[in-house]
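Coordinates in review
Residues per chain are reported as follows:
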Amino acid sequence: MKMLRLRKKQHLVFLLCVWCLVVDLSKAETEESEGGPMEKTEQAALYSTIQGFVGESWNGSYLYPDPCGWTPIQGVTCDMYDDLWYVTALSFGTMKDNSLACSDIPVIRPQLFELKHLKSLSLFSCFTSPNRYLASISDEKWLDLSKSLERLEIRSNPGLIGELPSVITNLTNLQSLVVLENQLTGPLPENLAKLTRLRRLVLSGNRFTGRIPEVYGLTGLLILDLSRNFLSGSLPLSIGGLDSLLKLDLSNNYLEGKLPRELEFLKNLTLLDLRNNRFSGGLTTEIQEMTSLVELVLSNNRLAGDLTGIEWRNLKNLVVLDLSNTGLKGEIPGSVLELKKLRFLGLSNNNLGGKLIPQMETEMPSLSALYVNGNNISGELEFSRKFYEKMGRRLGVWGNPNLCYNGNEIKNLSHHVPFGVNQCKRIKADKY
C-alpha cells in the first residue's frame, strides 16, 4: 500500500515537472517571437517615412510582429536600445538589393527626422523630376539628426537641384558624407571644417561653383573627392593639414594657380588627381616628398616647366604618372628609370625633345603603357623586338616628326610597327 502511494506521488511530481517545462518553453518561444517591441511613435514615423518615398499603397500590414521582427522591411536596419527596437539605417533606391524602391514622385516627410537613433541614410536614384527637395527641409529638422547620423549618401538623383543646405555642417557626428552625381548647384558650405569626424567626403559629379572652403580640422579625413564640378580659384593652403588623407581627387574643375607647397605634408596620400584644371607654375618640388603616391595624374593643366627638378627616385611607389598636355619642355631625364613599379607613363602633347631613353625597356620592368606622342622627340627608337611585342598599341610615339624606328628589329612584325613613325633611312656607302 505504501509502495503504491509512493509511486502515485512520484508520478504527480513527474507530471508537475513536465508541466513547468512546457510552460517555460512556451514562455521562451513567446518572448523570442515577440523579440524587442518597437516603440509606437518610432513605428509610426518609420511607416510614414517609407510611404513618402515608396507610395501610400505601402502599409506594412504583412510585417509580424513588428518592422524589425521575423519579417524585417527591405532597406531597413534596426538595433536594440533599452530593450526596444529602433531604426538605425534606411536605404531607398536601386543601388543595393536590400533597398526600398522609390516611387515616381517621392516625398521627404518630416517623420524621417523623428527617427532618433538613425545612423545611416542612403538615397539612390530616387529624385528624377527636377525639384529642390533638400531645400524643403527646415534647419530644425536636419538638427534632429545631429546626435545620431554618421553616414549620409545621396547619389545619382538627376532631379535633385538647388544648393546643398549649409545646416548639414551641423551634423557633427557624420563620418561619411557622399553627395554624388546629382544636379546640385551653388557654393560648397563654408563650414565643412566643422565635420571633424569625417573620414570620407565625396561631393563629385554635381554643379557646385565657387572656391573650395578651408578644411582646417578635418585631420581624420581619408578620402576627399570634389571632382567633376565647376569649382574655381586656388587650392586652400589648409589642404596640407589633411595628414591622414589617402585619396585626393579634384579633377575636372576650373581650379587655378600654383600647386601649393603644403602638399608635401600629405605623406600618406596614394592618389593625387588634379587633371583637367588650370593649374600653372610648374611642378612643385614638394611633390617628391609625397612618398606614398601610387597614382599622380596632373594631365591637361598649364603647368609648364620641366621634369628635371623632381627627385623621381623618392616616388618609388608610383604605378601611374600622367603629365600629358601640361606644357612641359626639355628632355625626359634618366632619373625616371628609378620608377621601377611604374606601369603607365603619359607625357603626350608637350614640348619635350631629345631622345627616348632605350633603358626604359630594361630598367622599368613593370612599364606596360608609354605615351610620348605629340612632342619633339627625335632620333631612332632603340627598343628590341620583344619590347614592341609587349607594348603593342600602348606605345604612343606618333606626332614626333624627327623620330624613326629601326626596321630590322621588327622585321615580319608589321602589326607591331610604331604607329605614325617612319622607318629610319639608311645611307648606303658609295661604291668605287
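The coordinates are above.
Notes on the structure follow. All values reported here derive from a predicted model rather than from experimental measurement. (Residues numbered from 1 in each chain as written. Predicted model: local features only at pLDDT ≥ 70, side-chain atom pairs only at ≥ 80, totals over all residues. Heavy atoms only, no water.)

Turning next to empty space enclosed by the protein. All chains considered together, the criterion is met by two cavities of 30 Å³ or more. Each pocket or cavity is described by its volume, and for the largest cavity that value is around 50 Å³. Phe53, Ile108, Leu112, Phe113, Leu121, Leu123, Leu134, Ile137, Trp142, Leu152 and Ile154 are the residues that line the largest cavity. Looking at the lining of the largest cavity, the elements that each hand over two or more residues are β3 (120–124) and β4 (151–157). By volume, the second largest cavity amounts to about 30 Å³. If you trace the second largest cavity, you find it lined by Leu188, Leu192, Leu201, Ile212, Pro213, Val215, Leu224 and Leu226. When the residues that make up the lining of the second largest cavity are grouped by side-chain class, the tally is eight nonpolar, no polar and no charged. (1 Å grid on protein atoms, 1.4 Å probe; cavity = no way out; pocket = protein on both sides within 12 Å on 5 of 7 lines; lining within 4 Å. Points joined across faces, edges and corners; volume = space filled by probe spheres on them. Helix = DSSP H or I, 4+ residues; strand = E, 2+ residues; numbered from the N terminus. Nonpolar A, V, L, I, M, F, W, Y, C, P; charged D, E, K, R; others polar.)

What the five strands build is an open sheet, ordered β6-β8-β10-β12-β14; its pairing is parallel. Here the strands that pair on one side only, and so sit at the sheet edges, are β6 (185–187) and β14 (278–280). Mean inter-strand twist for the sheet, computed between neighbouring axes without regard to direction, equals 20°. Where strand β12 (residues 254–258) and β14 come together, three bridges link them in parallel fashion. Each bridged residue has a counterpart across the sheet, and for Lys258 the counterpart in β14 is Ser280. (Pairing = 2+ DSSP bridges. Axes fitted to C-alpha atoms, helices over the stretch in contact; angles between N-to-C directions.)

Attention now moves to the state of the cysteines. For the structure on display, the rule yields three disulfides. The residue that forms a disulfide with Cys68 is Cys78, at a sulfur-sulfur distance of 1.8 Å. Torsion about the S-S bond of the Cys68 and Cys78 cystine: about -55°, corresponding to left-handed handedness. One end of the pair, Cys68, is in the loop between α2 (40–54) and β1 (76–81); the other, Cys78, is in strand β1, with ten residues separating them in the sequence. Taken as a pair, Cys68 and Cys78 share a single burial class, namely buried. Note on cysteine connectivity: Cys404 is disulfide-linked to Cys424, with sulfurs 1.9 Å apart. When the S-S torsion is 90°, as for the bridge of Cys404 with Cys424, the disulfide is right-handed. Here the residue Cys404 occupies a position in strand β23 (residues 403–405), and Cys424 occupies one in the segment after β24 (422–423), the gap between them amounting to 20 residues. Take Cys404: its relative accessible area is 18%, and that puts it in the buried class. Exposure remark for Cys424: the relative accessible area of 11% places this residue in the buried category. (Disulfide = S-S within 2.5 Å. Buried < 20%, exposed > 50% of the residue type's maximum accessible area, 1.4 Å probe, protein only.)

For the coordinates displayed, the defined rule picks out eleven salt bridges. The shortest N-O distance in the salt bridge between Glu56 and Arg109 comes to 2.3 Å. With Glu56 in the loop between α2 and β1 and Arg109 in the loop between β2 (84–93) and β3, the pair connects residues that are 53 residues apart, well separated along the chain. For Glu56, a relative accessible area of 53% corresponds to the exposed category. In this structure, the salt-bridge partner of Glu181 is Arg228, at a minimum N-O distance of 3.4 Å. Of this pair, Glu181 sits in strand β5 (residues 176–182) while Arg228 sits in the loop between β9 (223–225) and β10 (230–233); the two residues are 47 residues apart in sequence, bridging distant segments of the chain. Its relative accessible area of 35% is what places Glu181 among the partly exposed residues. Through salt bridges with shared partners, a single ionic network connects Arg151, Glu153 and Arg155. (Salt bridge = Lys/Arg side-chain N within 4 Å of Asp/Glu carboxyl O.)

This brings us to the sheet that holds strand β21 (residues 379–381). Strands sit in the order β21-β23-β24 across an open sheet of three strands; the sheet is parallel. Whereas interior strands pair on both sides, the edge strands pair on one side only; in this sheet they are β21 and β24. Bridging between β21 and β23 involves three bridges; their strand directions are parallel. Paired with Glu380 across the strands is Cys404, a residue of β23.

Structurally, Asn206 is set in the loop between β7 (200–202) and β8 (207–210). Only 2.8 Å separates the side chain of Asn206 from the backbone oxygen of Val179, close enough to count as a polar contact. Within the structure, the side chain of Asn206 is placed 3.2 Å from the backbone oxygen of Ser204, a separation counted as a polar contact. Discounting residues that sit within four places of it in the chain, Asn206 has contacts with Val179, Leu180, Glu181, Asn182, Gln183, Leu184, Arg228, Asn229 and Phe230. (Polar contact = N/O pair within 3.5 Å; in protein donor to acceptor, adjacent residues only side chain to side chain. Contact = heavy atoms within 4.5 Å.)

Before going further, it helps to spend a moment on unusual backbone geometry. Here Glu181, not a glycine, exhibits a phi torsion of approximately 55°, which is positive. Even without a glycine there, the phi angle at Asn252 is positive, about 60°. Turning to its location among the elements, Asn252 is positioned in the loop between β11 (247–249) and β12. Relative accessible area serves as the criterion here: at 31%, Asn252 is assigned to the partly exposed category.

Leu90, Leu177, Leu203, Ile332, Leu356 and Met360 are the most contacted members of the largest nonpolar core, which has 112 residues in total. When contributions to this core are tallied by element, the ones reaching two or more residues are α2, β1, β2, β3, β4, β5, α5 (385–391) and β23. When residues of this core are assigned to their parent elements, the largest contribution, five residues, is made by α2. Not counting the four nearest positions on each side in its chain, Leu356 is found in contact with Ile332, Leu370, Val372, Ile377, Leu381, Phe383 and Val397. (Core = buried A, V, L, I, M, F, W, Y, C linked by side-chain atoms within 4.5 Å.)

Turning next to the environment of Arg151. Its place among the elements puts Arg151 in strand β4. Residues Arg151 and Ala89, spaced 62 residues apart in sequence, show a C-alpha to C-alpha distance of 9.0 Å. In terms of polar contacts, Arg151 uses its side chain to reach the side chain of Glu153, at 2.5 Å.

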